[in-house]
Amino acid sequence: MKVAVIGTSESVGELVLKKLKEKNHQSVAVIKDEHRKPDMEKLGATEVVVNEGDHFEEVFAACNAVIYIAGSSQRTGENKTVLIDHDEVIDSIEEAKKMRIERFILMSAIRANESENSDSSKVGEKDKPDERLREEGFKYTIIRPGHLTDKPGKGLVTIGESLDIDEGEISKEDVASVLVEILDNHDSFHKTFDVVSGNVPIHEAFYH
Amino acid sequence: MDITAYLVIGLIVFIALLIVVPVIFFIYLYFKDDRQKQHAILRNFPVLGNVRYITEKIGPELRQYLFNNDNEGKPFSRKQYQDVVKAGKYKERLIGFGSDHDFEAEGFYIRNTLFPKQRDELKVDNTEKIKTKTYKINKDGLFTRKEHHEEKLVDPYLLRDEDAVVVGGQTCRTPFRVKGLVGQSGMSFGALGENAITALSKGLGLVKGTWMNTGEGGLSDYHLAGNPDIIMQIGPDLFGVRKPSGEFSWEEFKKKSEMKQIKAFELKLAQGAKTRGGHVEGEKVTEEIAKIRLVEQGKTINSPNRFYEFDNPSTMFDFIEKLRDVGGKPVGIKIVVGDLDALEDMVATMKESGKGPDFITIDGGEGGTGATYQELADAVGLPIQAALPVVDEMLTKYGVRDRVKLIASGKLITPDKVAIALAMGADLVNIARGFMISVGCIMAQVCHTNQCPVGVATTNKKLQEGLIVEEKHYRVANYVISLREGLFNLAAAAGLDSPTQFKRKHIVHKDDLGRISPVEEIIHAAVKAQHHK
């Protein structure tokens, strides 16, 4: 499968590129900065595209799936994970739809649906991309990891539709494994999962 | 007599003993001190005079723990020591509420730019994460600190492939490519125990992009334990590459140069701590040491002050040519800069003959781990901040700078010190004592006694039980990564995308009156001083 990976400036995205290569998928890394190109190639990206604005078309034309890692970037500031640029997510959803890509995996923050019963407007903004995916008829999966750590991956997780996981954490490596593992897993289509470190092997966790 | 009487008598005897015994002991001491003929103070003030000796004995510890402030203390202040320990334990260099650095004192500063580089503009290779372990504090109380060790995937902060420093690129069949700017300076097995060497080897092997210098004590299995890149040092005593008769053994050298882990050789002309040959007592030459160094077991070794194989630049270069020819690997020399005329003679010979070393390790006069003679350690050789720019300039003047890499050493144990050395002309930096601290050194300054209380600078098995290789090797790894990360931080602040680009113009010297001057002033002053010799 050829997968466009958006959000490779952070460790999760870097690890996704590596895992894709390990699993013999092809990958297109979409980056915002020319400087990172050699890194992406080294990490195993088949192609690297520098994206200066909203032009995802060329990238998406040849891909069958998108893995979008929404996270804080340098532009949003290290401690402001809630300020992910949801417009950018929406843009890539639009482009993916135009190019008829069916599979869309979005890694989003875990408490994105809190706004249903909270009045935090900032968190509320994050709901929009999630809803758009549902509406547009993608074979989507939304992965909402617990607190991300730099520990090495254990390959074991606990998943749920809405876990009570205030304390839950998961290593970035495990999140990357999850994102790649579920690429062609039909059981995961049209679903949102909360994922934290647990005791079920990742390759089993997402099957009924 | 009934039981009460016995008890009363017992009590009286007990009290009598309590008083009588100390009194007798006091009288004994009084006469012992009064009659001895060695110490005047004890003859004149028996017993009381001992206070002087006791306080003198525990003085260093008292100062180190209680009275020195954080910026005092030599060779390293408590602050510098803690910086290294924290980097190793927590991989952490953050501080709060400003620096303890003495900004009024003279020193070098890095010129920052108005518009620093962004993190993703840096030319860093973080593609291979490293699995290490760091400590995390749960609770820091007055009497206890609860912390736990946890695994972590961390960025290695290597240089990009195109920025890698290549030693011997034009001269050797197998040049040494190194993707990090700091490595471990020469520390011999024997000076350091097997546990310390093993921990260093494993830590350095884990982080990659660095090197381990064996010191002149030969190559041991402990150096190879973690499979790091190795620079094998060869001293005038030729340990590990000698015939039983004491001459250089080309056969042994060839054997060593065929080892994959050995990336380069270094001829040690001098080192900061001792600008002459070493001395090893016969009792320390165990069977193992004898085998590694290729010497006779149990026999005292007095190393020659210089190599018998050469005694001037041109014969040395011929020897280097032959080493490179046989081994195919880079050959460097380690020097301490003193007389600039001798140095200039060597550099001129480099230019005329087209020969020379692939790298020059410049050890500052302040350098030196283990044991040495006070007179040599304190006053012989120029400190690194004077020596380095002078050598860099001289090599440039003769047009041979591009043929040789400079490795600097001398108390460069934190990223800022390393960056300043790079700006002064170093291509790479060697660290010894920083690494000793990372494997547990507490600066007890007893390296020469084989009684190191933390089992680092000792071959004593019992003392080495304190040093757990598995735990300490992570500290070594964290320390290296922390240094490399710090270098990238400083590069970004100076507007550079890689620390390899530090130049003289990026640093400035400030004197104690606040006047600033460029590095070139040091060079002018050094040249002037040489003229007045």
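Just so it is clear, the model here is predicted, and its values are computed rather than measured.

## A look at a nonpolar patch on the surface
All names here are of chain B.
Thinking step 1. A surface patch of nonpolar side chains, amounting to about 1200 Å² of accessible area, comprises Leu11, Phe14, Ile15, Leu18, Ile19, Val20, Val23, Ile24, Phe26, Ile27, Tyr30 and Phe31.
Thinking step 2. Note that Phe31 resides in helix α1 (residues 3-35).
Thinking step 3. A relative accessible area of 40% means that Phe31 is categorised as partly exposed.

## A short note on the confidence of the model for chain A
All names here are of chain A.
Thinking step 1. Here chain A averages 80 in pLDDT, while 78% of its residues score no lower than 70.
Thinking step 2. With pLDDT under 50 throughout, residues 73-83 is counted as low confidence; its partners more than four residues away or in other chains account for 16 contacts.
Thinking step 3. Segment residues 112-124: pLDDT under 50, and 14 contacts once partners within four positions in sequence are set aside and those in other chains are kept.

## Some details on the pattern of salt bridges
Thinking step 1. Scanning the model with the defined rule gives 49 salt bridges over all chains in all.
Thinking step 2. For B:Glu247, the salt bridge goes to B:Lys243, with nearest N and O atoms at 3.7 Å.
Thinking step 3. Among the residues examined, B:Lys243 registers a relative accessible area of 36% and is labelled partly exposed.
Thinking step 4. Across the salt bridge formed by B:Arg515 and B:Asp511, the nearest N and O atoms sit 2.8 Å from each other.
Thinking step 5. For B:Asp511, a relative accessible area of 16% gives the class buried.
Thinking step 6. Beyond isolated ion pairs, a larger network of salt bridges with shared partners links A:Glu14, A:Arg36, A:Asp39, B:Lys129, B:Asp155 and B:Arg160.

## Observations concerning the pairing of strand β18 (residues 507-510) of chain B
Residue and element names in this part refer to chain B.
Thinking step 1. Burial along β18 is two-sided: the face carrying Ile507 and His509 and the face carrying Val508 and Lys510 are both buried.
Thinking step 2. Of the strand pairs in this sheet, strand β1 (residues 107-110) and β18 are connected by four bridges, and their pairing is antiparallel. Among the inter-strand pairings, Tyr109 is bridged to a residue of β18, identified as Val508.
Thinking step 3. Bridge count for β18 against strand β19 (residues 516-517) is two bridges, and the pairing is antiparallel. Residue pairing for β19: His509 is matched across the bridge by Ser517.
Thinking step 4. Counted between consecutive antiparallel strands, the loop separating β18 from β19 contains five residues, among which Gly514 sits at a positive phi close to 90°.

## A closer look at the sheet that holds strand β5 (residues 103-107) of chain A
All names here are of chain A.
Thinking step 1. Strand order in the open sheet formed by nine strands is β3-β2-β1-β4-β5-β6-β10-β8-β11, and the pairing between neighbours is mixed. For this open sheet the edge positions go to β3 (47-50) and β11 (200-201), each flanked by a neighbour on one side alone.
Thinking step 2. By the bridge criterion, four bridges tie strand β2 (residues 26-31) to β3 in an arrangement that is parallel. Of the residues in β3, the one forming a bridge with Ile31 is Val50.

## Some points on the packing of aromatic side chains
Residues and elements named next belong to chain B.
Thinking step 1. Counted by the stated rule, this structure contains 15 aromatic pairs over all chains.
Thinking step 2. Between Trp250 and Phe253, the aromatic rings sit 6.0 Å apart at their centres with planes inclined by 85°, giving edge-to-face as the arrangement. Here the residue Trp250 and the residue Phe253 both occupy positions in helix α7 (residues 250-257), the gap between them amounting to three residues, near one helical turn.
Thinking step 3. Its relative accessible area of 0% is what places Phe253 among the buried residues.
Thinking step 4. Ring plane angle 65° and centroid distance 5.7 Å describe the contact between Trp250 and Phe319, whose orientation is recorded as edge-to-face. Of this pair, Trp250 sits in helix α7 while Phe319 sits in helix α9 (residues 313-327), and the two are 69 residues apart along the sequence.
Thinking step 5. Members of the aromatic cluster, each reached through a chain of ring pairs, are Phe248, Trp250, Phe253, Phe265, Phe307, Phe310 and Phe319.
Thinking step 6. Positioned over the ring face of Tyr135 is Lys89, at 5.1 Å from the centre of the ring.

## Description of the packing of α9(B) against helix α10 (residues 340-353) of chain B
Residue and element names in this part refer to chain B.
Thinking step 1. Contact geometry of α9 with α10 gives a least axis separation of 9 Å together with a crossing angle of 55°. In terms of orientation, α9 and α10 fall into the oblique class. Relative to α10, α9 is oriented so that their crossing is right-handed. In this structure, α9 contributes Pro313, Ser314, Met316 and Phe317 to the contact, and α10 contributes Asp345, Met346, Thr349, Met350 and Ser353.
Thinking step 2. Of the residues in the contact of α9 with α10, the class split is five nonpolar, three polar and one charged.

Each value, and the rule that gives it
Residues numbered from 1 in each chain as written. Chains lettered and ligands numbered in written order. Predicted model: local features only at pLDDT ≥ 70, side-chain atom pairs only at ≥ 80, totals over all residues. Heavy atoms only, no water. Patch = residues over 30% accessible without salt bridge, like charges linked within 9 Å, V, L, I, M, F, W, Y side chains within 5 Å. Areas by Shrake-Rupley, 256 points an atom, 1.4 Å probe, with all protein chains shown as cover. Salt bridge = Lys/Arg side-chain N within 4 Å of Asp/Glu carboxyl O. Helix = DSSP H or I, 4+ residues; strand = E, 2+ residues; numbered from the N terminus. Buried < 20%, exposed > 50% of the residue type's maximum accessible area, 1.4 Å probe, protein only. pLDDT = per-residue confidence, 0-100. Contact = heavy atoms within 4.5 Å. Pairing = 2+ DSSP bridges. Phe/Tyr/Trp six-rings, centres within 6.5 Å; stacked < 30°, edge-to-face > 60°. Lys NZ or Arg CZ within 6 Å of the ring centre and 35° of its normal. Axes fitted to C-alpha atoms, helices over the stretch in contact; angles between N-to-C directions. Parallel < 35°, antiparallel > 145°, perpendicular 65-115°, else oblique. Left-handed = near helix turned anticlockwise from the far one by under 90°. Nonpolar A, V, L, I, M, F, W, Y, C, P; charged D, E, K, R; others polar.

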